[in-house]
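Letter by letter, the chains look like this.
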2 protein chains.
Amino acid sequence: MADERGTLPGPDSHISASSILSDEAEIVEMIRRRGPLSRTDLARLTGYSRAKITPLVGRLLSAGILEEIGDGTSQGGRRPRLLHFNSSQGCVIGVDIGATSIDVAVADLTGQIFERLSLAIDVRLGPQAVLDKVRACAEELLARRGADPAQVYTLGVGVPGPVQFATGLLVAPPLMPGWERYPIAAHLQRSFPRARVVIDNDVNVMALGELKRGVGVGVENLVFVKIGTGIGAGIVCHGEIYRGSSGCAGDIGHIMADPGGPVCTCGNTGCLEAVAAGPPIAAQALAAAEAGDSPFLAERLRSSGALTAADVANAAAHGDRAALALIQRSGHLIGDVLASLVNFFNPSLILIGGGVSQIGNQLLASIRQRVLHRSTPLATRDLRVEFASLGLDAGVTGAVALALEHAFTVERV
Amino acid sequence: MADERGTLPGPDSHISASSILSDEAEIVEMIRRRGPLSRTDLARLTGYSRAKITPLVGRLLSAGILEEIGDGTSQGGRRPRLLHFNSSQGCVIGVDIGATSIDVAVADLTGQIFERLSLAIDVRLGPQAVLDKVRACAEELLARRGADPAQVYTLGVGVPGPVQFATGLLVAPPLMPGWERYPIAAHLQRSFPRARVVIDNDVNVMALGELKRGVGVGVENLVFVKIGTGIGAGIVCHGEIYRGSSGCAGDIGHIMADPGGPVCTCGNTGCLEAVAAGPPIAAQALAAAEAGDSPFLAERLRSSGALTAADVANAAAHGDRAALALIQRSGHLIGDVLASLVNFFNPSLILIGGGVSQIGNQLLASIRQRVLHRSTPLATRDLRVEFASLGLDAGVTGAVALALEHAFTVERV
């Protein structure tokens, strides 16, 4: 992260990256969330004296972050001028780095996305190649808009591996050679020297997207489950992303799901992602095709030489029983693990997302069935288990939300 | 709870139960935590104007909650008077209701316990009989101290069943006939009409005790596991008790631990508490004794006609192999469940408490072994798994902490 003290970079302004104070951030956030307020409103809402409010507002006005507009309702005397948050004064960038693609979006300071780009690139090419592409995409999006890189307040970046949130470094990422402890923030700041860069795990970012812009709005406690090549969870606790003591909370892919299951990449046996994620579904599909259990998958195997989770989805959509059974089995295994977590964490919402979640309704039905069966009645009384609402946009939407969260707020250190 | 708005009952004072404001509570908390402060300090620390501070402090002084003492360091001019928190001006009561006993303690407003009583009573006698005993104990403790019931600010009460925290009502308690939705607060307020009563599940209360007065001090994320007749967990998240969306977070006793296990009271098979808590340990001990696998337990069975988890502890302490194997099996089952929860929640501390935890070090060693084996290396890198530090005092210590937490702070509604 660019600045651990959480100060606000004010491009083209009298306020430099290190000079905004937490009191100023509090005022900006208050006006951003509540809409236009008078200085008197601010004094009443913050409890601060007028003598304290006046210079803070003055600095924010001269930085262009606040503007004076119209007149408020008079309480007798002169009608007060209202202070308005100038959302077009700067922008944020959201970056979703996946295993095989990157998504970059530019948004105004209300989170409205106005330009977007996606491109295919393998994360295993290493951080320099991938992050140079991210910079090029972001610069192109800004150029399209006629905006200056100096107008960027924050970059929010989601990466497909475990992140030490305080430092923004990847720690022992299993599928990302060369990324371990690579200084992602410093690299991106070559293009955006005054911007703050905030980095988080992709699943946390997706959970944040749902919390801020999806079905999770207003939910206090939720679990977002991403099913893809691996399986991971993003946790929202008391309305905030919960990262745990070492930053690896939500790593549910290595929970034991099947004592008789195969050996996982981590060395243990029967891990959830080794028995229920995309690759094991594809492997089971291959076995079914070869055993003659599924004419549909056998035909597909003959024509393409390999099978994927998407083929299983397609087969199930055509009524193939073996494919439906595979999906159901995966759902039951995921559901059993989630049932344990529901008893422990008692969320009110579980969202199922990630590429493999698109495999069909049978998956959701099977997960839901096991959660309801194996969790306590009290824990499931008000629990919803649903597909994620943002689909494939969850990552980039969440990355914008991450950037925005850190544009004006002050870190808890 | 006596007052959902979180106001402070001020006995023998000008401040009635409904008249203290959150600003006053903030000032009291600040002085209570930091020690004596001047009005100027308060203005600086809160950001409030002197015009706002002065009447707030005035009300707290006349209520006796604050006192003026000594002189502070002068900054030039007149030396400021310091405001001091008067911890002897009132008291709080902690009540730990167990399945077969109650513990009651009276403490001053710093949490110092000065009188205590324990007595055996079966919770199945129902709420009226048990709560009348609690009232009698509390009245006796106050009388010993020469204190008036009107001086009691708050009662913190731990009960052995699921509590809807906002209302203070027990919801579907499995082992407490007659307690469902019984108005515990109103009953206790017959003796303490001006006190606020805060009720929580006993395991949450124990976790709070460790957090405020035990090895959990300063820990952000921890899990307290109580092993007794059942198995439950208290969760601390971001330094606060986490109760979940329906108030039943931590109900880990019904997580599936052994697919081939027996049917649990809840109707499912293989629940953790059905295979690893006190009663199944005793049942397995009986089987071992009858099968001739344990001369020690067989002898004990002959002399007393039954076996308990304490007999297993005793046998293990005498080197009985069958007893050691029973303890180890229970520890492994608990450890496997905790390993899943560690991957999900990534706490930095797990505390093992409750009556059956006293069964011996082999239990802790077995739990630890499985947690380290089955959790990811990142999640266990900074994880400690230890016995609870407050032992059998965790409940009443936590109940006092619960009372104190709500004596001056304002609820988040």
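Predicted model, so just to flag it, every value in this text is computed and none were measured.

K.L.:
Kindly report on the overall build of chain A, identifying the contributing residues and their values.
P.N.:
When helices and strands are counted, chain A shows 14 helices and 15 strands. The C-alpha radius of gyration of chain A comes to 24 Å, within 12% of the 22 Å expected for a compact globule of 413 residues. Each principal axis of the C-alpha atoms in chain A carries an extent, and together these give about 85 × 50 × 35 Å. Across the 413 residues that make up chain A, the buried fraction comes to 58%.

K.L.:
So what's going on with the pattern of salt bridges? Which residues, and what values?
P.N.:
Pairing between side chains of opposite charge can happen when the charged atoms of each approach one another. Residue and element names in this part refer to chain B. Going through the model one piece at a time under the given rule, you end up with 32 salt bridges over all chains. Of the charged contacts in the structure, one is a salt bridge between Glu-115 and Arg-144, with a shortest N-O distance of 3.3 Å. Of the two residues, Glu-115 is situated in strand 6 (residues 113-120) and Arg-144 in helix 4 (residues 127-145); the sequence distance between them amounts to 29 residues. Of the residues examined, Glu-115 reaches a relative accessible area of 17% and is grouped as buried. Between Arg-124 and Asp-122 there is a salt bridge, with its nearest N and O atoms 2.9 Å apart.

K.L.:
Describe in detail the interface of chain B and chain A, supporting the description with residues and values.
P.N.:
Contact with chain B, which involves 45 residues of that partner, is made by 45 residues of chain A. When chain B packs against chain A, close to 3,900 Å² is buried across both sides, 55% of that on carbon and sulfur atoms. Counting the contacts that link chain B with chain A gives zero salt bridges. At the surface where chain B touches chain A, the tally comes to 27 residue pairs in polar contact (both at pLDDT 80 or more). Put simply, the parts of the chain that give the side of chain B that touches chain A at least two residues each are strand 12 (231-237), strand 13 (240-242), helix 11 (321-345), helix 12 (361-374) and helix 13 (377-380) of chain B.

K.L.:
Quick rundown of the relation of the copies chain B and chain A? Include the residues and the values.
P.N.:
For the pair chain B and chain A, the relating rotation is 180°, the translation along its axis is 0.0 Å, and the fit reaches an RMSD of 0.1 Å. Both chain copies can therefore be described as sitting about a two-fold axis. Mapped onto chain A, 100% of the interface residues of chain B are again interface residues, and the two copies thus contact each other with one and the same surface.

K.L.:
Which residues make up the packing of helix 10 (residues 309-317) of chain A against helix 11 (residues 321-345) of chain A, and what values do they have?
P.N.:
The packing of two helices is summarised by the inter-axis angle and the distance between the axes. Residue and element names in this part refer to chain A. Where helix 10 contacts helix 11, the axes come no closer than 7 Å and their chain directions differ by 120°. By the angle between their directions, the pair helix 10 and helix 11 is classed as oblique. Crossing of helix 10 over helix 11 shows left-handed handedness. Contacts between helix 10 and helix 11 involve Val-312, Ala-315 and Ala-316 on the former and, on the latter, Ala-323, Leu-324, Leu-326 and Ile-327.

K.L.:
Report on unusual backbone geometry, specifying residues and quantitative values.
P.N.:
For His-238 of chain A, which is not a glycine, the phi torsion comes out positive at approximately 55°. Following the sequence through the fold, His-238 of chain A ends up in the loop between strand 12 (231-237) and strand 13 (240-242). You can call His-238 of chain A partly exposed: its relative accessible area is 33%. Its identity as a non-glycine residue notwithstanding, Asn-346 of chain B has a phi of 50°, on the positive side. Locating Asn-346 of chain B in the fold gives a position in the loop between helix 11 and strand 14 (349-353). Overall, Asn-346 of chain B belongs to the buried group, its relative accessible area being 0%.

K.L.:
Just give me the short version of the sheet that holds strand 6 (residues 113-120) of chain A, but keep the residues and values in it.
P.N.:
All names here are of chain A. With mixed pairing, the five strands of this open sheet are ordered in space as 6-5-4-7-10. In this open sheet, the two strands that pair with only one neighbour each are strand 6 and strand 10 (196-201). Pairwise comparison of adjacent strand axes, ignoring direction, gives a mean angle of 15° for this sheet. Of the pairings in the sheet, the one linking strand 4 (residues 91-97) to strand 5 (residues 101-108) comprises seven bridges and is antiparallel in character. The partner of Cys-91 across the bridge, within strand 5, is Asp-108. Across the sheet, helix 6 (residues 202-213) touches strand 7 (152-159) and strand 10, and the angle it forms with strand 10 is around 100°.

K.L.:
Break down the environment of Asp-148 of chain B for me, with residues and values.
P.N.:
All names here are of chain B. Note that Asp-148 resides in the loop between helix 4 and strand 7 (152-159). The class of Asp-148 is partly exposed, set by a relative accessible area of 38%. Sequence separation between Asp-148 and Gly-244 is 96 residues, and the spatial gap between their C-alpha atoms is 37 Å.

K.L.:
Give me the packing of aromatic side chains: which residues, what numbers.
P.N.:
Counted under the stated rule, the structure contains five aromatic pairs over all chains. Ring centres of Tyr-242 of chain A and Phe-345 of chain B lie 4.8 Å apart, and the angle between their planes is 10°; this geometry places the pair in the stacked category. In this pair, Tyr-242 of chain A sits in strand 13 while Phe-345 of chain B sits in helix 11, so the two residues belong to two different chains. The exposure class assigned to Tyr-242 of chain A is buried, which follows from its relative accessible area of 0%. Between Phe-345 of chain A and Phe-344 of chain B the ring centres are 5.6 Å apart and the planes differ by 70°, which places this aromatic pair in the edge-to-face class. Of the two residues, Phe-345 of chain A is situated in helix 11 and Phe-344 of chain B in helix 11; the pairing between them involves two chains. We note Lys-52 of chain A situated over the ring of Tyr-48 of chain A; from NZ or CZ to the ring centre the distance is 4.0 Å.

K.L.:
Break down the environment of Ile-53 of chain B for me, citing the residues and quoting the values.
P.N.:
Residue and element names in this part refer to chain B. Along the chain, Ile-53 falls in helix 3 (residues 50-62). We classify Ile-53 as buried; its relative accessible area is 0%. Linking Ile-53 and Arg-39, residues 14 residues apart in sequence, is a C-alpha distance of 7.1 Å. Filtering out sequence-adjacent residues up to four positions away, Ile-53 remains in contact with Ile-27, Arg-39, Leu-42, Ala-43, Thr-46 and Tyr-48.

Calculation criteria
Residues numbered from 1 in each chain as written. Chains lettered and ligands numbered in written order. Predicted model: local features only at pLDDT ≥ 70, side-chain atom pairs only at ≥ 80, totals over all residues. Heavy atoms only, no water. Helix = DSSP H or I, 4+ residues; strand = E, 2+ residues; numbered from the N terminus. Rg over C-alpha atoms; globule rule 2.2 N^0.38 Å. Buried < 20%, exposed > 50% of the residue type's maximum accessible area, 1.4 Å probe, protein only. Salt bridge = Lys/Arg side-chain N within 4 Å of Asp/Glu carboxyl O. Contact = heavy atoms within 4.5 Å. Buried area = accessible area lost by both parts, 1.4 Å probe. Polar contact = N/O pair within 3.5 Å; in protein donor to acceptor, adjacent residues only side chain to side chain. Least-squares fit on C-alpha atoms with pLDDT ≥ 70 in both. Axes fitted to C-alpha atoms, helices over the stretch in contact; angles between N-to-C directions. Parallel < 35°, antiparallel > 145°, perpendicular 65-115°, else oblique. Left-handed = near helix turned anticlockwise from the far one by under 90°. Pairing = 2+ DSSP bridges. Phe/Tyr/Trp six-rings, centres within 6.5 Å; stacked < 30°, edge-to-face > 60°. Lys NZ or Arg CZ within 6 Å of the ring centre and 35° of its normal.

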